[in-house]
Amino acid sequence: MKLLIENWRRFLGEGLKIKTEYPQEFTQFLSEVESHKDDVWVMFDTETTGLGYKLDFVQITQIACVAYNTNGFVEGTSPEPIKGGIFNLKVKLQDSTLSMKDMQDKEPDKTKYRFPISRILKMTNYEKKTVPFLEPVEVITQFEEYLQKMSQSSPSGKIILIAKNSPFDVGVIHACYERINRAPPNYDVWDSGAPVFRYFLPVVETMNNHPEATEEDRRISKAITKTDKQGKTRLSTSLGDLIVAFDIEDKGWHEALADVKMSMDVLENVVNYVRRIVSKKDIDFSKTKFDAMAGDPYYGGRVPED
């Protein structure tokens, strides 16, 4: 446990630095975002062969990024993809991964492994040869070159990385760097889930059954309201439910580049929707919480079983 905490302190202080604090009020969040309007925002995603990325057979299989000029999400503007701002490469399967995959494939009891590697590869469209397959060190080298290029194209000379469930993606990338014995670069990483939890969900709860709720409000609430087996309802924050809520085009599931593009579409719609409601009604954000580190399977010493 102590070692895990020390590792997280290292992750927070070195390499990709996860943003852990977000303003309580949405207007404060907008001001903070606007202060970075001259930075290039790089939305990124990774695919892997499992959740326990510290296990030797769990490796990164794809890194995808799209760079945007977000215009600070100022009202009336939209994020604009930067020319040449797409990065998308797949990583060749390593020996330890292939060995585990072979063992799992030969296992007669198909229920023994919850998330077998073969199933994950199929789900993430790994076999589709739409982009180059390279060794980890080659992918990381090109990833660094891409980030440097995006920094040079930024008016401020700075970039911000952003991902949905950023602690997991940061952990995956850091593990890849460790395996090739290279120090990760220093960039700030924001989480696109933060505005969803901190501001969007309280707005949906406020507008649910509100006498002034519009058709849009009701549609959004219905799309993300789920009922579990015990009959309890909850508000979903899954990418699939959010793109339905905002009528966003489904660009493809569990493929890193498609997830990146849809995540930015969702973020833009979340910001605009919350802005519209907040401009007309007082929303109590004081009770909302977002644990920026909770998305990592190792956080708190919980090691996943792959």
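Please refer to the structure higher up on the page.
Keep in mind it's a predicted model, so treat the numbers as computed, not measured.

A.B. asks: Outline the pairing of strand S7 (residues 187-191), listing residues and values.
C.D. replies: Summarising burial for S7: four of the five residues are buried, a large majority. Bridging between strand S1 (residues 16-18) and S7 involves three bridges; their strand directions are parallel. Counterpart to Lys17 in the pairing with S7 is Asp188.

A.B. asks: For the sheet that holds strand S6 (residues 159-163), give the residues involved together with the corresponding values.
C.D. replies: Note: strands within a sheet are paired through backbone hydrogen bonds, in either parallel or antiparallel orientation. Spatial ordering of the open sheet is given by S1-S7-S6-S2-S3-S4-S5, a layout of seven strands whose pairing is mixed. Of all strands in the sheet, those with a lone pairing partner are S1 and strand S5 (133-134), marking the two edges. Sheet topology note: the strand S2 (residues 40-48)/S6 ladder contains four bridges and is parallel. The partner of Val40 across the bridge, within S6, is Ile159. Against the sheet, helix H6 (residues 166-179) contacts S1, S2, strand S3 (60-69), S6 and S7, and its axis sits at roughly 70 degrees relative to S2. Along the sheet, helix H10 (residues 256-278) contacts S2, S3, strand S4 (80-91) and S6; its crossing angle with S3, the most-contacted strand, is approximately 35 degrees.

A.B. asks: Quick rundown of unusual backbone geometry? Include the residues and the values.
C.D. replies: One non-glycine residue, Phe73, lies in the positive phi region at around 55 degrees. Locating Phe73 in the fold gives a position in the loop between S3 and S4. Judged by relative accessible area, which is 6%, Phe73 ranks as buried. Positive phi is not limited to glycine here, since Asn209 has a value of about 65 degrees. In this fold, Asn209 is placed in the loop between helix H7 (193-207) and helix H8 (215-224).

The rules behind the values
Residues numbered from 1 in each chain as written. Predicted model: local features only at pLDDT ≥ 70, side-chain atom pairs only at ≥ 80, totals over all residues. Heavy atoms only, no water. Buried < 20%, exposed > 50% of the residue type's maximum accessible area, 1.4 Å probe, protein only. Helix = DSSP H or I, 4+ residues; strand = E, 2+ residues; numbered from the N terminus. Pairing = 2+ DSSP bridges. Contact = heavy atoms within 4.5 Å. Axes fitted to C-alpha atoms, helices over the stretch in contact; angles between N-to-C directions.

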